Amino acid sequence: DAGVTQSPTHLIKTRGQQVTLRCSPKSGHDTVSWYQQALGQGPQFIFQYYEEEERQRGNFPDRFSGHQFPNYSSELNVNALLLGDSALYLCASSLAPRNTEAFFGQGTRLTVV
Amino acid sequence: AQSVTQLGSHVSVSEGALVLLRCNYSSSVPPYLFWYVQYPNQGLQLLLKYTSAATLVKGINGFEAEFKKSETSFHLTKPSAHMSDAAEYFCAVTRAGNQFYFGTGTSLTVIP
């Protein structure tokens, strides 16, 4: 059983560019959440997708957007990249409606230069 | 509102010694509580979780945690530290169906 898979593992982008990160949830899970983990910090919630809709959103600007596909996989898009967007981006999958256990992927390390 | 506070950003123990990592939570409703471990350049691995069943929760790799409502605490312990336990540990809280709120993490160093 494959767990949560994320791609790519590492990415370097230039300020102002746009980036797309991808996540495939654990088999049987239908909910995907995205977190940003800055260096030395705990993960911060960006948003959660269920039934192809954004259900919850954390305190992140509109530059951060997402999508969920019918097969439950998800994308995170970040526009107009800033240096401060450099972080580890973690995808977590869970099973609605309770979502009481989240399984995390290995993350995508985004560096903005 | 929900939040967790992890006391001590860095903890060092000798190999074979007791590991104690502290977590206090704030929640207006009965919470679900978790401990995750993160090794360098990796994602988060679930150690254990409390979901309103037994207050003493046993997890993987010999870790356990006790939910104490009166103290709003969920401290993580392991009787005997191993070198492989060196990692970053995160406490997290959530309510059913909602986002996870993480602490700022505790870096555990195990001294041989």
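Residues numbered from 1 in each chain as written. Chains lettered and ligands numbered in written order. Predicted model: local features only at pLDDT ≥ 70, side-chain atom pairs only at ≥ 80, totals over all residues. Heavy atoms only, no water.

> Can you break down the overall build of chain A residue by residue, with the values?
Each helix and strand counted, chain A has zero helices and 11 strands in total. For chain A, the succession of helices and strands along the chain, N to C, is β-β-β-β-β-β-β-β-β-β-β. Against the 2.2 N^0.38 benchmark of 13 Å for 113 residues, chain A shows a C-alpha radius of gyration of 13 Å, consistent with a compact globule. Across its three principal directions, the C-alpha atoms of chain A cover 40 × 25 × 25 Å. Out of the 113 residues belonging to chain A, those deemed buried represent 51%. Long-range pairs, those at least 24 residues apart, make up 52% of the contacts in chain A between residues at least 6 apart in sequence. Surface exposure of chain A reaches about 5,400 Å², of which carbon and sulfur atoms provide 49%. If you average the places of the 9 positive and of the 10 negative side-chain charges in chain A, the two averages end up 9 Å apart. (Helix = DSSP H or I, 4+ residues; strand = E, 2+ residues; numbered from the N terminus. Rg over C-alpha atoms; globule rule 2.2 N^0.38 Å. Buried < 20%, exposed > 50% of the residue type's maximum accessible area, 1.4 Å probe, protein only. Contact = heavy atoms within 4.5 Å. Areas by Shrake-Rupley, 256 points an atom, 1.4 Å probe, with all protein chains shown as cover. Lys, Arg positive; Asp, Glu negative; His and termini not counted. Charge placed at Lys NZ, Arg CZ, Asp CG, Glu CD.)

> I'd love a proper account of the state of the cysteines, names of residues and values included.
Covalently bonding the sulfur atom of one cysteine to the sulfur atom of another cysteine gives a disulfide. In this structure the tally under the stated criterion is two disulfides over all chains. Between the sulfur atoms of C23(A) and its disulfide mate C91(A) the distance is 1.8 Å. When the S-S torsion is -60°, as for the bridge of C23(A) with C91(A), the disulfide is left-handed. Taken as a pair, C23(A) in strand β3 (residues 19-24) and C91(A) in strand β9 (residues 87-94) lie far apart in primary sequence, 68 residues in all. With respect to burial, C23(A) and C91(A) carry one shared label: buried. One disulfide bridge connects C23(B) with C91(B), the sulfur atoms lying 2.0 Å from each other. Measuring the twist about the S-S bond at about -65°, one finds the C23(B)-C91(B) disulfide to be left-handed. In this pair, C23(B) is assigned in strand β3 (residues 19-26) and C91(B) in strand β9 (residues 87-94), connecting sequence segments 68 residues apart. Across this residue pair, the class does not change: C23(B) and C91(B) are buried. (Disulfide = S-S within 2.5 Å.)

> Please give an account of the packing of aromatic side chains that cites residues and values.
On inspection of all chains with the given rule, the structure shows 16 aromatic pairs over all chains. Between the aromatic rings of Y36(B) and F100(B), the centroid separation amounts to 6.5 Å while the plane-to-plane angle is 70°, which identifies the pairing as edge-to-face. With Y36(B) in strand β4 (residues 32-38) and F100(B) in the loop between β9 and β10 (101-102), the pair connects residues that are 64 residues apart, well separated along the chain. Sitting above the plane of the F103(A) ring, K26(A) keeps its charged end 5.0 Å from the centroid. (Phe/Tyr/Trp six-rings, centres within 6.5 Å; stacked < 30°, edge-to-face > 60°. Lys NZ or Arg CZ within 6 Å of the ring centre and 35° of its normal.)

> Give me the side chain of S94(A): which residues, what numbers.
In this structure, S94(A) sits in strand β9. For S94(A), a relative accessible area of 4% puts it in the buried group.

> Tell me about the interface of chain B and chain A, residues and numbers included.
Residue-level contacts link 19 residues of chain B with 21 residues of chain A. Both faces considered, chain B and chain A share a buried interface measuring about 1,700 Å² in area, 48% of it formed by carbon and sulfur atoms. On inspection of chain B and its partner chain A, the count reaches one salt bridge. Of the charged contacts, one joins E101(A) and K49(B) as a salt bridge, the two residues approaching to 2.2 Å between their closest N and O atoms. Taken together, the connections running from chain B to chain A amount to five residue pairs in polar contact (both at pLDDT 80 or more). Elements that contribute at least two residues to the side of chain B that touches chain A include exactly β4 and β5 (44-50) of chain B. The biggest single contributor to the side of chain B that touches chain A is β4(B), with four residues. Taken together, the residues that form the side of chain B that touches chain A break down as nine nonpolar, nine polar and one charged. (Buried area = accessible area lost by both parts, 1.4 Å probe. Salt bridge = Lys/Arg side-chain N within 4 Å of Asp/Glu carboxyl O. Polar contact = N/O pair within 3.5 Å; in protein donor to acceptor, adjacent residues only side chain to side chain. Nonpolar A, V, L, I, M, F, W, Y, C, P; charged D, E, K, R; others polar.)

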